[in-house]
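Letter by letter, the chains look like this.
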Amino acid sequence: MDKPSTLLVHFDKGSAAMANEIKADLEGSDVAAKVEAMKRAVMLLLNGETLPTLFITIVRYVLPSEDHTIQKLLLLYLEIIDKRDAAGRVLPEMILICQNLRNNLQHPNEYIRGVTLRFLCRLSEPEVLEPLVPSILENLEHRHHFIRRHALSAISAIYRLPQGDQLIPDAPELVERALASEQDASARRNAFVMLCLCGTERAVAYLLSNAERVMEWPDLLQMAAVDLIRKVCRPPNRADKGRYIKIIFSLRSSPSTAVLYECAGAIVSLSSAPTAVRAAAETYCQLLSSQSDNNVRLILLDRLNELHTSHRDVMVDVVMDVLRALASPNLDVKRKVLDLVLDLLTLRNVEEVVLYLKKEVVKTQSGELEKGGEYRQMLVEAIHACAVEYPEVAGSVVHLLMDFLGDTNVAAAVDVVLFVREIIETNPKLCVSMIQRLSDTFYQIRASRVCSIALWILGEYSLSLSEVESAIATIKQCLGDLPFFTISEEGESADSSKPAQPVVNSVTVSSRRPVVLADGTYATQSAATEAISTPSVTPGSLASTLNLRSLILSGDFFLAAVVAYTLTKLVLRLEEVQPSKVEANKACTGALLVMTSILQLGLSSYLPQPIDNDSYDRIVLCVRLLCNTGDDVRRIWLQSCRQSFAKMLAEKQFRETEEMRAKAQISHAQPDDLIDFYHLKSRKGMSQLELEDEVQDDLKAATGGFTKETDDANRLNRILQLTGFSDPVYAEAFVTVHHYDIVLDVTVVNRTKETLQNLCLELATMGDLKLVDRPQNYTLAPESSKQVRANIKVSSTETGVIFGNIVYETSNVMERSVVVLNDIHIDIMDYISPATCADVTFRNMWAEFEWENKVCA
C-alpha cells in the first residue's frame, strides 16, 4: 500500500539484494563509502523496500559519525522509515535515536543544529518529541539566526500536532516573546506565521501595535501580515476592518512585487468601495507594465478581468493603462488585453482606445514584429468591434484599414473586408468615400475570398452614375484583355493578355477537394490553392492590377461567378441612373462579353479542370437576365439582397442585446433580511475610504451581493452514495469537475461503536483518468466522521470510471476489513461546457484538427 512521504527521489537501479553491500559499507571506516551507502539506502526505502536489518547497523556505525553529509543523510533516513508498528504504537528502537537527536540539538556546529531542527518539523510521534522539547526551546535564544529560525519552525510544527498543546503548552507566549526581540527577517516571519496559525489574537495585537512601522518590515513579514488580515477579516468577523485597510494601503508602496500583488488581492477581498477597487486596479496595472514574464502578465490580466465583472465603472478609468500591455510580444497576452479593453469601452474612452489601436496597426506594417500578421488580424477585429458598438468612430479608422485589403495574411484581409461590409451598411454617411476607396485599392487584393466580398460591396453600394461606372471600369481593368486565351496557329492555347511575358508563370492545377462548410459538413468544390505564381512586378503597373484574371486563370470559377453577378447588378443599376441608353447598352454588351469569355475558358481544355456546374449555371443565369430583364427580377437583384443583409445585421445586434440583458440580471435580497440604515450610523473618526466601504457593504447586502452563488439544489444532485446504510462504514462523495481536474470530497462515517484504525480510502481508475495523490490513513472514533479528499487528473475527453474500497482495522479483529464502494462514472458532458465561436474561428479550428486517422506508408 502506498504511504505519504515528504521526500521524493527517482531511483530505478536498486534491488533488495543491495542490502548486504550497503551494510558492509556502513560498517567500514571509509567516509565516502558510507555516504554512498546511505544514499542507496534512502533511495531503496523510497522505492518501497523495507530493509529491516539495517536500522541497528546505522545506530552502531552511523550515529557516532561527525561528518556533516552523513548526519544529513541520517536525518533523511530517519524521516522516511516506519516509526510505528502495525498496531500504531511507536517502535521501541526509536527511543535509541532520541539521545542522538538531543546531542545534535546541543552540537557546537550551527549546521548540525539547524538541519536537526528542520528534521523535527516533519516528525509526528509525541513519544520521540517529548524528551527533545527542552533542547528545542533552548535554541530559541541561540546567537545564530539560522538556528533560531528553524527552532521557531519546529515549535510551530510540534504545537500544531494533535497533542502539541500538551508538549509545549506555552508555545504562543514563548514565540511572542521571541518575536519582540528578533532581528532576522526569516526568523521574524516564522514566529509571526506561528502566531497567525496558533495564536491569532496575539498576532493581531502585534500587527496593530506596529501598524505605523509595517512599511519598514521585510517583505517576508509583510506577506505574512497580508495573509493574517485576510484571515481575520473574513465574514462575519469584519470588525476593525478600516484599520486593516489602512495597513494594506500603506503596503502599496512596498518595493516587493509579491507584496504589491497580495495587497491588491487583499484590498478587493476587504472592501468594495470605489477608492479601494481603483487602488487595486492601479496596482495590477503597475505590475502589468513592470513585469516581463508572460505567465505573470496573464495572471494579472485574469485578476483585472475579475475586477471588471463586478466593478466595471471603476475599471473604465484604467483602460489606457491596460492597453500599454500590448507592448508584450506574446500573442496570448495581447489577445487577453484586447478582450478586456473591448468590454470596458464607453463614449468617454472609445476615441482614445481606437487611436491607440490605429497606432498599433501602423506598427505592424514595419515587419519588425514577430507574427505581425496574426497581431494585425486581432487589431482589426478589435477596431471592428469598437466601430460596431460606437459607429461615430468608424470614419476615423475605416480608410486606414482598407489599406490592408491586400494583406498577405488572408485571415486579416478577410476581417478587414468584413468590417468594411458591415460599416458601409450601418454608416450611410461613409458610403461614398468607402466605395471610392475600395475602387482605388481593389487591384491590391490577392485573396479569392476577399475579392468575392469586395465585389459584392461594389455591386450593392455603388449607387450614383460615377460610382457605377468606376466600379465597372475597375473590374474590367482587373480582368485584363478578352478573351482569356486564344488559339495559336500551331493549335496551342495561349493567354491573350501576355504576348511577351506571361502574367502567370505556372497555372496552379485545380482539383476537386472537400471543403468545410459553416455547420462542419463537407462539400466538394472545384478550386485551386490560394498561392498564385506571379512574376515580380512593381505595384501600380499593368500586370499588378490583373488580380481577378490571375485568380480565374488558376481555376477559381466561384470567383468568376461572383464577377458575373456583380457586373449584372452594376449594369441593372446603370440602366436606372444612366440617361443615355447607348452607354447603358454598351456597358451591358461589355458585361456579356466578360461572361461569355469566362464560359469559354471554363469549357475549354486550356485549364486542367473545367468549370463546375454550379458556377456555370449562375453565369448562364446572369447572361439570360441581361438579355431579358423584368421589373420583378430587377427589384430582387437591386433591393432584396441588401435588405437581407440589413436583416442579418439586425438579428445579430438583437442576439447580442439579449445576451447583455441576460448577463445583467442581478440577485435580490430575501424579504426578511436585516435592514441597516446607513445614515443613522456614527461617522465620527471614519475616513472617506471607510465611509465608502460602509456604503458599498450596505449596497451589496441590499442587492444580495453577500449571498452564496452556488445553488444548494444543484450541489445535492452531485452527491453520490458510495456504500449502503447497513455497512459499518458509510461513505458518500461530492464530485467537483473543473476543466481537466476532478476533486472527490468523500465523507466517511463510522457507524460502529468501535475505533477504526488505519482506515484508508483506496481508489483506482479506468480510462484516461489518473489519481494524483492517494489519501492517507486515518483513525476514526466511534460514530464520528471524516472528510477525505482525492484529486484526479483527466487526460482526454473520454468516459472514465472511478472504483475502490475502504479498508480498516479494529482491535477485536486481526484481519483487515474491506467495504467495496459503488463505482463513480465520469461522463464526457461533466467537463464540457457550451461556448460561442465566430464562424471564421470555427473554420480555422476545424481545418487544423486532424479528423482522419492517417496511415503511414
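In what follows, the structure referred to is the one given above.
Residues numbered from 1 in each chain as written. Predicted model: local features only at pLDDT ≥ 70, side-chain atom pairs only at ≥ 80, totals over all residues. Heavy atoms only, no water.

(A) Summary view of the overall build of the protein chain. For the protein chain, the helix and strand inventory stands at 36 helices and 14 strands. Here the protein chain holds 857 residues, and 45% of them are scored as buried. Summarising the internal contacts of the protein chain: among those between residues at least 6 apart in sequence, 66% fall at separations of at least 24. When the accessible surface of the protein chain is summed, it comes to about 45200 Å², and 52% of that surface belongs to carbon and sulfur atoms. (Helix = DSSP H or I, 4+ residues; strand = E, 2+ residues; numbered from the N terminus. Buried < 20%, exposed > 50% of the residue type's maximum accessible area, 1.4 Å probe, protein only. Contact = heavy atoms within 4.5 Å. Areas by Shrake-Rupley, 256 points an atom, 1.4 Å probe, with all protein chains shown as cover.)

(B) Summary view of the environment of Tyr-730. The topology assignment puts Tyr-730 in strand β6 (residues 729–738). Residue classification places Tyr-730 among the buried positions, given a relative accessible area of 14%. Along the sequence, Tyr-730 and Asn-750 sit 20 residues apart, while their C-alpha atoms lie 6.7 Å from each other. The residues contacting Tyr-730, other than those within four sequence positions of it, are Gln-721, Thr-723, Gly-724, Phe-725, Thr-747, Val-748, Val-749 and Arg-751. Within the structure, the side chain of Tyr-730 is placed 2.9 Å from the side chain of Glu-732, a separation counted as a polar contact. (Polar contact = N/O pair within 3.5 Å; in protein donor to acceptor, adjacent residues only side chain to side chain.)

(C) Representation of unusual backbone geometry in the model. Phi is positive for Asn-758, close to 50°, though the residue is something other than glycine. The backbone of Glu-783 shows a phi angle near 55°, a positive value even though the residue is not glycine. Here Glu-783 shows up in the loop between β10 (778–780) and β11 (785–794). Judged by its relative accessible area of 51%, Glu-783 is exposed.

(D) Quick peek at the packing of helix α2 (residues 31–46) against helix α4 (residues 68–80). Running from N to C, α2 and α4 cross one another at 20°; their axes reach a closest spacing of 10 Å. What the angle tells us is that α2 and α4 run roughly parallel. Crossing hand, α2 versus α4: left-handed. When α2 is examined against α4, the residues Val-31, Lys-34, Val-35, Met-38, Lys-39, Val-42, Leu-45 and Leu-46 are found in contact with a partner set consisting of Thr-69, Ile-70, Leu-73, Leu-74, Leu-76, Tyr-77 and Ile-80. (Axes fitted to C-alpha atoms, helices over the stretch in contact; angles between N-to-C directions. Parallel < 35°, antiparallel > 145°, perpendicular 65-115°, else oblique. Left-handed = near helix turned anticlockwise from the far one by under 90°.)

(E) Highlighting the packing of helix α25 (residues 410–426) against helix α26 (residues 431–441). Two elements in contact, α25 and α26, have axes separated by 9 Å at closest approach and are oriented at 150°. It follows that α25 is roughly antiparallel to α26 by the angle criterion. Contacts between α25 and α26 pair Val-420, Ile-423 and Ile-424 from the former with Cys-431, Met-434 and Ile-435 from the latter. A breakdown of the residues in the contact of α25 with α26 according to their chemical character gives 6 nonpolar, no polar and no charged. (Nonpolar A, V, L, I, M, F, W, Y, C, P; charged D, E, K, R; others polar.)

(F) Summary view of the pattern of salt bridges. Scanning the entire structure with this criterion turns up 22 salt bridges. Among the salt bridges present, the one from Glu-110 reaches Arg-143, with a minimum N-O distance of 2.7 Å. Of this pair, Glu-110 sits in helix α6 (residues 110–120) while Arg-143 sits in the loop between α8 (133–138) and α9 (145–159); the two residues are 33 residues apart in sequence, bridging distant segments of the chain. Residue Arg-143 is classed as exposed on the basis of its relative accessible area, which comes to 65%. (Salt bridge = Lys/Arg side-chain N within 4 Å of Asp/Glu carboxyl O.)

(G) Local environment of the sheet that holds strand β9 (residues 769–771). Ordered by their spatial adjacency, 5 strands build an open sheet running β5-β6-β7-β11-β9, and the pairing between neighbours is antiparallel. The sheet is open, and its two borders are formed by β5 (719–721) and β9, each paired with just one other strand. Taken over all neighbouring pairs, the strand axes of this sheet differ in orientation by 30° on average, direction set aside. Both strand β7 (residues 741–750) and β11 contribute to a ladder of 9 bridges, which runs antiparallel. From the neighbouring strand, Asp-741 faces β11, where its bridge partner is Lys-793. (Pairing = 2+ DSSP bridges.)

(H) Examining the pairing of β7 more closely. Where burial is concerned, most of β7 is hidden: 8 out of the 10 residues are buried. Bridge count for β6 against β7 is 10 bridges, and the pairing is antiparallel. Its bridge partner lying in β7, His-738 is registered against Asp-741.

(I) How the structure looks around the packing of aromatic side chains. The tally for this structure, following the rule as stated, stands at 8 aromatic pairs. Three or more aromatic residues joined by ring pairs form one cluster here, namely Phe-192, Tyr-206 and Trp-217. The ring of Tyr-375 carries the charged tip of Lys-334 above its face, separated from the ring centre by 3.9 Å. Between Arg-618 and the ring centre of Tyr-565, over which it is positioned, the NZ or CZ distance is 4.5 Å. (Phe/Tyr/Trp six-rings, centres within 6.5 Å; stacked < 30°, edge-to-face > 60°. Lys NZ or Arg CZ within 6 Å of the ring centre and 35° of its normal.)

(J) Up close: a negative patch on the surface. Taken together, the side chains of Asp-339, Asp-343, Glu-389, Glu-656 and Glu-659 define an acidic patch exposed on the protein surface. We classify Asp-339 as partly exposed; its relative accessible area is 44%. (Patch = residues over 30% accessible without salt bridge, like charges linked within 9 Å, V, L, I, M, F, W, Y side chains within 5 Å. Lys, Arg positive; Asp, Glu negative; His and termini not counted. Charge placed at Lys NZ, Arg CZ, Asp CG, Glu CD.)

(K) Representation of helix α28 (residues 465–479). Here α28 contains 15 residues, and its C-alpha end-to-end distance of 21 Å stays within 8% of the 21 Å for a straight helix at 1.5 Å per residue. For α28, the full list of buried residues reads Glu-467, Val-468, Ala-471, Ile-472, Thr-474, Ile-475, Cys-478 and Leu-479. The buried residues of α28 occupy an angular sector of 160° when projected down its axis, which confines them to one face. The elements touched by buried residues of α28 are α26, α27 (448–461), α29 (547–553), α30 (557–577) and α31 (581–603). At the exit of α28 stands Gly-480, carrying a positive phi of roughly 80°. (Expected span 1.5 Å × (residues − 1). Arc of directions from axis to C-beta.)

(L) Examining the nonpolar core more closely. Tyr-77, Leu-120, Phe-192, Leu-207, Leu-304, Leu-357 and Leu-548 are the most contacted members of the largest nonpolar core, which totals 218 residues. Sorting elements by how many residues they give to this core places α30 first, with 12 residues. For Leu-207, the contacting residues outside a window of four places in its chain are Phe-192, Val-214, Trp-217, Ala-225, Leu-228, Ile-229, Tyr-244 and Ile-247. Counting residues in each nonpolar core, the second largest holds 28 residues, with Leu-722, Leu-769, Val-788 and Ile-802 among its members. (Core = buried A, V, L, I, M, F, W, Y, C linked by side-chain atoms within 4.5 Å.)

(M) Local environment of the side chain of Ser-604. Following the sequence through the fold, Ser-604 ends up in the loop between α31 and α32 (613–627). A polar contact is formed between the side chain of Ser-604 and the backbone oxygen of Leu-601, at a distance of 2.9 Å.

(N) Looking closely at the environment of Val-193. With respect to the helices and strands, the residue Val-193 is situated in helix α12 (residues 185–198). A sequence separation of 41 residues divides Val-193 from Leu-152, and the C-alpha atoms of the two residues are 9.7 Å apart.

(O) The arrangement of the pairing of strand β12 (residues 800–809) in detail. Of all 10 residues in β12, 8 are buried, a share of seventy percent or more. Alignment of strand β8 (residues 756–766) against β12, held across 8 bridges, turns out to be antiparallel. Its bridge partner lying in β12, Thr-765 is registered against Ile-802. The pairing of β12 with strand β14 (residues 824–826) spans 3 bridges and is classified as antiparallel. What sits directly across from Val-801, in β14, is His-825.

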